[in-house]
Amino acid sequence: PSSKNVVARIFSQREPECESRACDYAPAIEPNTGNTRVSGRRYLAHWLDSTIFVVLFLILVVLAGSVLPEGDASDALFVAVLVLGFTVGQVAYYVLTQRRHGRTPGKRLAGIRVVDRRGNVPTTAALVKRTIPLLIEYFYVIAWIGMMTSPFRQRLGDRWADTYVIADGPRR
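Values in this document were obtained by computation on a predicted structure and should not be read as measured data.

Regarding the packing of aromatic side chains
How two aromatic rings sit relative to each other is given by the distance of their centres and the angle of their planes. For the coordinates displayed, the defined rule picks out 6 aromatic pairs. Here the aromatic rings of Phe 57 and Phe 86 are separated by 5.9 Å at their centres, their planes lie at 75°, and the arrangement is edge-to-face. Remark: Phe 86 occurs in helix H3 (residues 72–98) and Phe 57 occurs in helix H2 (residues 39–67); sequence separation between them is 29 residues. With a relative accessible area of 34%, Phe 86 lands in the partly exposed category. By the ring-pair criterion, three or more aromatic residues cluster together here, those being Phe 53, Phe 57, Phe 86, Tyr 93 and Tyr 94.

A word on the environment of Glu 30
Relative to the assigned elements, Glu 30 resides in the loop between helix H1 (3–12) and H2. When its relative accessible area of 53% is taken as the criterion, Glu 30 is described as exposed. Along the backbone, Glu 30 and Gly 119 are 89 residues apart, and their C-alpha atoms lie at a distance of 4.2 Å.

Considering the packing of H2 against H3
The contact between H2 and H3 brings their axes to 10 Å, and the two run at 145°. Crossing of H2 over H3 shows right-handed handedness. Together, His 46, Asp 49, Ser 50, Ile 52, Phe 53, Leu 56, Phe 57, Leu 60, Val 61, Ala 64 and Gly 65 of H2 and Phe 78, Val 81, Leu 82, Gly 85, Phe 86, Gly 89, Gln 90, Tyr 93 and Tyr 94 of H3 make up the contact between the two elements.

Concerning empty space enclosed by the protein
For the structure shown, the criterion picks out 1 cavity of 30 Å³ or more. Taken as a whole, the largest cavity encloses approximately 110 Å³ of empty space. Around the largest cavity, the lining residues are Arg 42, Ala 45, His 46, Asp 49, Tyr 94, Lys 107, Ile 112, Arg 130, Leu 134, Tyr 140, Arg 155 and Val 165. The greatest single-element share of the lining of the largest cavity, amounting to 4 residues, is contributed by H2.

Let's talk about the pattern of salt bridges
Under the criterion given, the structure shown has 7 salt bridges. Close ionic contact of Asp 168 with Arg 113 constitutes a salt bridge, the shortest N to O distance being 2.9 Å. Of this pair, Asp 168 sits in the segment after strand E2 (163–167) while Arg 113 is found in strand E1 (residues 112–116), placing the two residues 55 residues apart along the sequence. Given a relative accessible area of 0%, Arg 113 falls into the buried group. Note that Asp 162 is salt-bridged to Arg 117, the shortest N-O span being 2.9 Å. Of this pair, Asp 162 sits in the loop between helix H8 (156–161) and E2 while Arg 117 is found in the loop between E1 and helix H5 (124–131), placing the two residues 45 residues apart along the sequence. On the basis of relative accessible area, Asp 162 is assigned to the partly exposed category, the value being 29%. One continuous salt-bridge network, built from bridges that share partners, spans Arg 42, Arg 130 and Asp 158.

The rules behind each value
- Residues numbered from 1 in each chain as written.
- Predicted model: local features only at pLDDT ≥ 70, side-chain atom pairs only at ≥ 80, totals over all residues.
- Heavy atoms only, no water.
- Phe/Tyr/Trp six-rings, centres within 6.5 Å; stacked < 30°, edge-to-face > 60°.
- Helix = DSSP H or I, 4+ residues; strand = E, 2+ residues; numbered from the N terminus.
- Buried < 20%, exposed > 50% of the residue type's maximum accessible area, 1.4 Å probe, protein only.
- Axes fitted to C-alpha atoms, helices over the stretch in contact; angles between N-to-C directions.
- Left-handed = near helix turned anticlockwise from the far one by under 90°.
- Contact = heavy atoms within 4.5 Å.
- 1 Å grid on protein atoms, 1.4 Å probe; cavity = no way out; pocket = protein on both sides within 12 Å on 5 of 7 lines; lining within 4 Å.
- Points joined across faces, edges and corners; volume = space filled by probe spheres on them.
- Salt bridge = Lys/Arg side-chain N within 4 Å of Asp/Glu carboxyl O.

Below, the structure written as structure tokens:
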């Protein structure tokens, strides 16, 4: 199958419910105005995840810089690695780490997770949609304005993807 078909299939599949697979997190908890008031923990999680991402990004930059030969073409390639690594890499980090349990490492440490309207882990497409605006909201000023104007404390990306960040329930 072509890569376009594979990508389309990944983004169109609905994820199985938690009850039908092994889950190590709390059962589905529907978001409400009480369990979504986790703005401080979201800032902490964002800071932790940003730190992890920057370390990974710097490793990529060092590796790319040591592998590329000297010259103008390699300088352009290095800039491409920087731009793509920061943008695509960041989207990949957040989507892939939240894909299974709705938590990045920072969210896990902060005791929060991302859910859809029914309280389940969002689809890959929803995670991509909620992460892309983070590239603009990165310094969290815009994110803070979005959260403070939403009864569910949703960033603009959360509103677009119909996702919520909630306090993590007790583990089973």
